[in-house]
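Topology and contacts: notes
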Amino acid sequence: MIKNITIEPLTRVEGHGKVTLQVDEHGNISSSRLHIVEFRGFEKFIQGRPYWEAPVLVQRLCGICPVSHHLAAAKATDEIVGAGVEHLPETALKMRQLMHYGQFFQSHALHFFHLSSPDFLFGVDAPVSKRNVLGVAAEFSDLARQGIMMRKFGQEIIEATAGKKIHGTGAIPGGINKNLSPEQRKAFLHGDPEFNASRMIEWAEGAIEVFLNYHRDNRNFVDGFASFPSNHMSMVNEDGGLDIYHGRLRAVNAEGEKILKDIDYRDYLQYIGEEVRAWSYMKFPYLKSLGKEKGWYRVGPLARLNCCDYIPTPRAQEAFEKFREYTNGKPNNMSMHMHWARLIETLFAAEMIERLLQDDALSGETLSYQGTKKFEGIGVIEAPRGTLIHHYRIGDDDLITMANLIVSTTHNNQPMNEAVFRAAQATFNGRTIVTEGMLNAVEVAVRAYDPCLSCATHALGQMPLMVEIQDADGNILDTRIRELE
Amino acid sequence: MNELVNFTIDKKECMSTKGKYLVDAAAENGIYIPTLCNITGIQPRGACRLCTVKVNGKLTTACTTPVYNNMEVENESPELQDLRKSIIELMFADGNHYCPYCEKSGDCELQAIAYRYRVTVPRFPYSFPKREIEAGHPLLAKDHNRCILCKRCIKAVKDDDGRSIFAFARRSHKLTISVDTRLSHVMSPEKAAYAAEICPVGAILLKGAAFKKPIGERKYDKKPIGTELEM
């Protein structure tokens, strides 16, 4: 008898999704789907609005990493006002970079400490009442405090550069609307010893140690769980180094061969296609050169570290070298290593924040530039969850006529489906009783991608989790409900 | 010589010049009466009705009522507070006011007054009207979604020959403010900036100026509306 298992909603992720698993008569997983069941529609309702509203309006997609949307839209509208990155005043460029690294730091800290660390510290099948951030605070108070303070530090950097911790207005078409005073920079660099840039670097290194210790004790799980070969795509700088603000698009296959060779991101439409499937509001992007079947790819921390040649800060570079050594220089295809990559990036962000804060350009007076107007703009940025594309066209009257957003979680759609299938196979095959821990194991695979389902379909919310086991005729054989924690 | 008159607002003794409009006379005495249509120095019309007070027990608009001796004014009674709050709520329900991405946010008088009167959710259903943005003018965009029909732009923005650049068009619930396309194309940048500045909401937008003022430095970031007058 064929059974269907539904996990709805997914918990400890941004947004609302569900998973369905089909179990065959032998008790093995025969198919799985990650459904994104919410719809936002920003691409449609921004049409008819003035282009200069885009950086402030579209960031309302999300409350976790709005800075990514803010900056991707700002980069696109920079092109519209004739102020591409080559014309952007240095103060504007560095203020935006600082804002972005601040956001990377807080978003990655949130994901590791608040969302994922309970799985590492207590185990995937620990009691639900314990497996949450409050459980971490009760048993690992220093670690929980560090996580909270790291997020706070990143958010204060955002506030200083964008005006608000969430949904600021700092980046404007062609520049930025404020600089940072030498006093503000000094406070972040040399202020409270428990809350300055060098302390953040130290704590970021400590977080990598937490992961590596877990890895050492659980090598089979971390290396094997939801692991599968795939292509990887990210932005790299002109020298092939890791860059999250600006660069060229590169993709490598599972063996490390370049399959997208550092292209100008403004040509993305030539290289990336999007497929629509009836059962999800989220599209499935793919590299056109490889087709829909083989062209899907991963984005995000793992993909970035697989694509780049080096990391331009010393401590993160050291951690990166160990990361690459583990797979003998080949791309790392282990889903759970996404956490390792994310923590190396957290360290990179902390080092970049310290470096930028030392730069006097942040206190410069030239904040914006206006060049020759254009009627189309494309902005690409590496959001915490991966490559983010914003593309706008405007009419003669400055109103937006077309908007296309390909967000990180959308790029990761097929990989997440793949990860769910592998995790479900490893967890459910041959088992006759479904436990809450087994369901969480599937969620752990999705969570590794830090998906932002709100962004990807353009609602935040947590509802009780319900699982139904159905026979092939849709008759409910068993129901399991997880109440709100 | 201007004749001085004595009057009371909420039983507080006040003094001003005879004939001065009540809204301005109150301000002289450190009392704030809210208004969204009035501009000091320009003939008042009482369009927004937000400054409604009771003078000797009778409802009237403070922007059109001159002060006189022994006038007794009621300004902050629960009844008037609720009346004003209703007017503000109706304005929000009547248009499409999305503060989160409006470039006037922080400088918007309607938003500031809504905060002052603690408007959270309007008691009236939103009408979600379908309105256009007129952005074909070289220096300005007119977002009809946010217009509260206060007439400030009609009264205060004229070309050098005294011709109105803004005017009412249509009637009743279809009433709108139209922009003279011919005049808007020869409008000076200073005049355009003035039009955007006096608009109490984000309905008249100066192109190329959006979000240039950082959060923290906008008009109402530091002081809530009215507190600059109040003692």
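About the thresholds
Residues numbered from 1 in each chain as written. Chains lettered and ligands numbered in written order. Predicted model: local features only at pLDDT ≥ 70, side-chain atom pairs only at ≥ 80, totals over all residues. Domains from an automatic or database assignment. Contact = placed C-beta atoms within 7 Å. Helix = DSSP H or I, 4+ residues; strand = E, 2+ residues; numbered from the N terminus. Nonpolar A, V, L, I, M, F, W, Y, C, P; charged D, E, K, R; others polar. Axes fitted to C-alpha atoms, helices over the stretch in contact; angles between N-to-C directions. Parallel < 35°, antiparallel > 145°, perpendicular 65-115°, else oblique. Left-handed = near helix turned anticlockwise from the far one by under 90°. Expected span 1.5 Å × (residues − 1). Buried ≥ 20, exposed ≤ 12 C-beta atoms within 10 Å, placed from the backbone. Pairing = 2+ DSSP bridges.

1. Structural notes on the domain arrangement of chain A
Residue and element names in this part refer to chain A. Partitioning chain A into structural domains gives domain 1 (3-40 + 417-482) and domain 2 (88-226 + 341-368). Each partner contributes residues to the interface: domain 1 has 14 residues there, and domain 2 has nine residues. For the side of domain 1 that touches domain 2, the secondary structure elements donating two or more residues are helix H16 (413-428) and helix H17 (436-447). Looking at which element gives the most residues to the side of domain 1 that touches domain 2, the answer is H17, with seven residues. Its residues assigned to classes, the side of domain 1 that touches domain 2 comprises six nonpolar, two polar and six charged.

2. Regarding the packing of H16 of chain A against H17 of chain A
All names here are of chain A. Across the interface, H16 lies against H17 with an axial gap of 8 Å and an inter-helix angle of 150 degrees. Accordingly, the angle class assigned to the pair H16 and H17 is roughly antiparallel. Where H16 crosses over H17, the handedness of that crossing is right-handed. On H17, the residues that touch Met416, Ala419, Val420, Ala423, Ala424, Thr427 and Phe428 of H16 are Met438, Ala441, Val442, Ala445 and Val446.

3. Description of helix H4 (residues 90-122) of chain A
Residues and elements named next belong to chain A. Its 33 residues give H4 an end-to-end C-alpha distance of 46 Å, which sits within 8% of 48 Å, the value for a rise of 1.5 Å per residue. Within H4, 27 of the 33 residues are buried, leaving the element largely enclosed by the surrounding structure. Where H4 ends, the next residue or the one after it, Gly123, has phi of about 95 degrees, a positive value.

4. Thoughts on the pairing of strand S9 (residues 176-179) of chain B
For a regular strand, side-chain orientation follows a simple rule: the groups alternate between the two sheet faces. Residue and element names in this part refer to chain B. Residues Ile177 and Val179 line the buried face of S9, whereas the alternating positions Thr176 and Ser178 sit on a face that is not buried. Pairing geometry for strand S8 (residues 166-169) and S9, over four bridges, is antiparallel. By the bridge assignment for S9, Ala169 is matched with Thr176. Between the end of S8 and the start of S9, which pair antiparallel, lie six residues, with Arg170 showing a positive phi angle near 65 degrees.

5. Side note on the interface of chain A and chain B
Chain A puts 19 residues into the contact, and the matching count from chain B is 14 residues. Its residues placed into classes, the side of chain A that touches chain B shows six nonpolar, seven polar and six charged.

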